[in-house]
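# Examination of the molecular architecture
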Number of protein chains: 2
Amino acid sequence: MKWNQDDLGEMNKRYRATFINSLAGIKTAVLVGTIGPDNITNLAIFNSLIHIGANPPMYGLLFRPDTVRRDTLNHILKTKSYTLNYMHIDDAVKAHQTSAKYESHESEFEKVGLTPIFDQVCPAPFVKEAPVKIAMQFEERVDIKSNGTILLIGKIQSIEIDQTLVAQDGFVSLDKAEILACCGLDAYYRTEKLMRLSYAKPEIWPTQLD
Amino acid sequence: MKWNQDDLGEMNKRYRATFINSLAGIKTAVLVGTIGPDNITNLAIFNSLIHIGANPPMYGLLFRPDTVRRDTLNHILKTKSYTLNYMHIDDAVKAHQTSAKYESHESEFEKVGLTPIFDQVCPAPFVKEAPVKIAMQFEERVDIKSNGTILLIGKIQSIEIDQTLVAQDGFVSLDKAEILACCGLDAYYRTEKLMRLSYAKPEIWPTQLD
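Small disclaimer: the values here were computed from a predicted structure and weren't measured.

About the criteria used
- Starting afresh in each chain, residues are numbered from 1 along the sequence in its written order.
- As a convention, the first chain written is A and the first ligand written is 1, with the rest following in written order.
- Residue-level local features of this predicted model are given only where pLDDT is at least 70; pairs of side-chain atoms are given and counted only at 80 or more, and the full residue set underlies all totals for whole chains, interfaces and linings.
- With hydrogens and water set aside, each side-chain value is computed from the structure's full complement of heavy atoms.
- Only protein chains enter the accessibility calculation, which uses a 1.4 Å probe; a residue whose area is less than 20% of its type maximum is buried, one above 50% is exposed, and one in between is partly exposed.
- We count a stretch as a helix when DSSP gives it H or I for four or more residues in a row; a strand needs E for two or more, and each element gets its number in order from the N terminus.
- Directions pointing from the helix axis toward each C-beta atom define the arc.
- Contacts are residue-level and defined by heavy atoms, with any inter-residue pair within 4.5 Å sufficient.
- Per residue, pLDDT measures the predictor's confidence, with a range of 0 to 100.
- What qualifies as a polar contact is a pair of N or O atoms within 3.5 Å, subject to a donor-acceptor requirement within protein and to the restriction that residues adjacent in sequence count only when both atoms come from side chains.
- Think of a salt bridge as a Lys or Arg side-chain nitrogen and an Asp or Glu carboxyl oxygen that are within 4 Å of each other.
- Accessible-area loss on putting two parts together, using a 1.4 Å probe and summing over both, is the definition of buried area adopted here.
- For this classification, the nonpolar set comprises Ala, Val, Leu, Ile, Met, Phe, Trp, Tyr, Cys and Pro, the charged set comprises Asp, Glu, Lys and Arg, and every other residue, Gly included, is treated as polar.
- Copy-to-copy superposition: least squares on the C-alpha atoms, limited to residues that have pLDDT of at least 70 in both copies.
- Aromatic pairing here means that ring centres of Phe, Tyr or Trp (its six-membered ring) are within 6.5 Å. Orientation follows from the plane angle: under 30 degrees is stacked, over 60 is edge-to-face, and everything else is tilted.

Attention now moves to helix α3 (residues 70–79) of chain B. Residues and elements named next belong to chain B. Of all the positions in α3, only T72, L73, H75 and I76 are classed as buried. Axial view of α3: buried residues confined to an arc of 165°, hence all on one face. Contacts made by the buried residues of α3 are with β3 (30–35), β4 (41–46), β6 (57–63), β7 (81–86), β10 (132–143) and β11 (150–160). Within two residues after α3, K80 carries a phi angle of roughly 65°, on the positive side.

Following this line, the structure appears as structure tokens:
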């Protein structure tokens, strides 16, 4: 079936939001940890993490204008610090529950049953239960004129993962740790590695690495 | 194991690129179709598609300064038109092979064995074999100062998918079509749905929708 711009414009608003959101693809789910005024810890789920660069290591995170997670953005802009936490598939319900509209003085950590932990370098809380913990430092705010969304760029400060997930060439097998993926606002996925392929060159088909 | 900024800085350049790229997560693989001068069709694989907004429907695509896929960016800026094509997992090798450095006068479609098709509205080629075909119109170029990457925003012009993949509320089950996902520059994945969860509300655990 084919939908054109008129069809999309005539869709029920909620139907279109679900349609367009889910069609954007399946991605690793990220719990973003921040610290607010009065040291209230905050945790919110995102599916908009993108790789920006490896040297220096930088990731981007998109904030939509209609999102309820402005607490997260405000805390990052104020403290310059946040954490990215990837969760095990068994924690899908807890991860999803961080998207509920809790009050600013309430901590999603406590409400959903996850444990905030800290290190000396990063003021923002990590999720103790997360197999992947990344400390980030705010680097740049990029305002997108088209619809008021904000791309937030951060520098990686530290990475904590089990060494066994990292291959000899640096490749991180997130599937080995059964890291949770998500799609749209409410669907959760597991991922299964098919293969790695050799560097692609013209006129030669790639070979399977593992 | 924990790596800090100094550890990351001291890493071998290629190792760090693989490490940071793959750690950014698993995402639906997207083949971007464009048309160049002399009507040469172009196809390149990306793992940086993000949802920007549903009303109007807009997606973003990140171009890194070190990427070989500047053909794609140049064609989009010139023609204002591109397509997003999601592939079946069985086409992983062909999808990967589009990342080889073919000459500008060579078409990746022909080289990897995929079929370009066109419609009346969109000058850019679709991949006939793709279970998901999205026509995009260039909307905004966003330059990221931190490292020279470019976020390209486009408006969705049309969407073509099998109606059976779309649930009653608009949710698109990409896993039902066995859509290819990827991680870093060379790893390919299948995804498996765990569940959809009800809208999260404070003080009530979500229920499983399907």
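This part takes up the confidence of the model for chain A. Predicted confidence across chain A gives a mean pLDDT of 95, with 98% of residues reaching 70 or more. We note a pTM of 0.96 for the whole complex and an ipTM of 0.96 for its interfaces.

With that settled, consider the environment of T28(A). Following the sequence through the fold, T28(A) ends up in strand β2 (residues 26–28). For T28(A), a relative accessible area of 7% corresponds to the buried category. In this structure the C-alpha to C-alpha distance between T28(A) and Y15(A), which are 13 residues apart in sequence, comes to 23 Å. Sequence-distant contacts of T28(A), that is, excluding residues within four places in its chain, are made with F46(A), N47(A), Y86(A), L174(A), I179(A), L180(A), A181(A), G25(B) and I26(B). Polar side-chain contacts of T28(A) include one of 2.8 Å to the backbone nitrogen of I26(B).

Turning to the pattern of salt bridges, a few remarks are in order. The tally for this structure, following the rule as stated, stands at 18 salt bridges over all chains. In this structure, the salt-bridge partner of K155(B) is E139(B), at a minimum N-O distance of 3.8 Å. Here E139(B) lies in strand β10 and K155(B) lies in strand β11, a separation of 16 residues in the sequence. With relative accessibility at 25%, the residue K155(B) sits in the partly exposed group. On the basis of relative accessible area, E139(B) is assigned to the partly exposed category, the value being 34%. Through salt bridges with shared partners, a single ionic network connects E106(A), K111(A) and E203(B).

Of the residues lining the interface, 103 residues belong to chain B; the matching set on chain A comes to 103 residues. Counting each side, the surface lost to burial between chain B and chain A is near 9,100 Å², with a carbon and sulfur contribution of 61%. Sorting the residues of chain B by area buried against chain A places L23(B), H51(B) and I159(B) first, and these three jointly supply 8% of that buried surface. Connecting chain B to chain A are 8 salt bridges. Between D186(A) and R196(B) there is a salt bridge; the shortest N-O distance is 2.9 Å. On the surface where chain B and chain A come into contact, there are 55 residue pairs in polar contact (both at pLDDT 80 or more). Counting residues per element, the side of chain B that touches chain A draws most heavily on strand β13 (residues 187–196) of chain B, at 10 residues. For the side of chain B that touches chain A, a count of residues per class yields 54 nonpolar, 24 polar and 25 charged.

Let's shift gears to the relation of the copies chain B and chain A. The two copies are related by a screw motion: chain B maps onto chain A through a turn of 180° and a shift of 0.0 Å along the axis, at an RMSD of 0.0 Å. Within this description, the copies of the chain are treated as partners about a two-fold rotation axis. Take the interface residues of chain B: 100% of them recur as interface residues in chain A, which is what a same-surface contact looks like.

What follows covers the packing of aromatic side chains. Residue and element names in this part refer to chain A. Evaluation of the coordinates by the stated rule reveals 6 aromatic pairs over all chains. Ring centres of W3 and F19 lie 5.0 Å apart, and the angle between their planes is 55°; this geometry places the pair in the tilted category. Taken together, the residues W3 in strand β1 (residues 2–4) and F19 in helix α2 (residues 13–23) connect sequence positions 16 residues apart. Residue W3 shares its accessibility class with F19, and that shared class is buried. Put simply, the rings of W3, Y15 and F19 touch in pairs and so form one group of aromatic residues.

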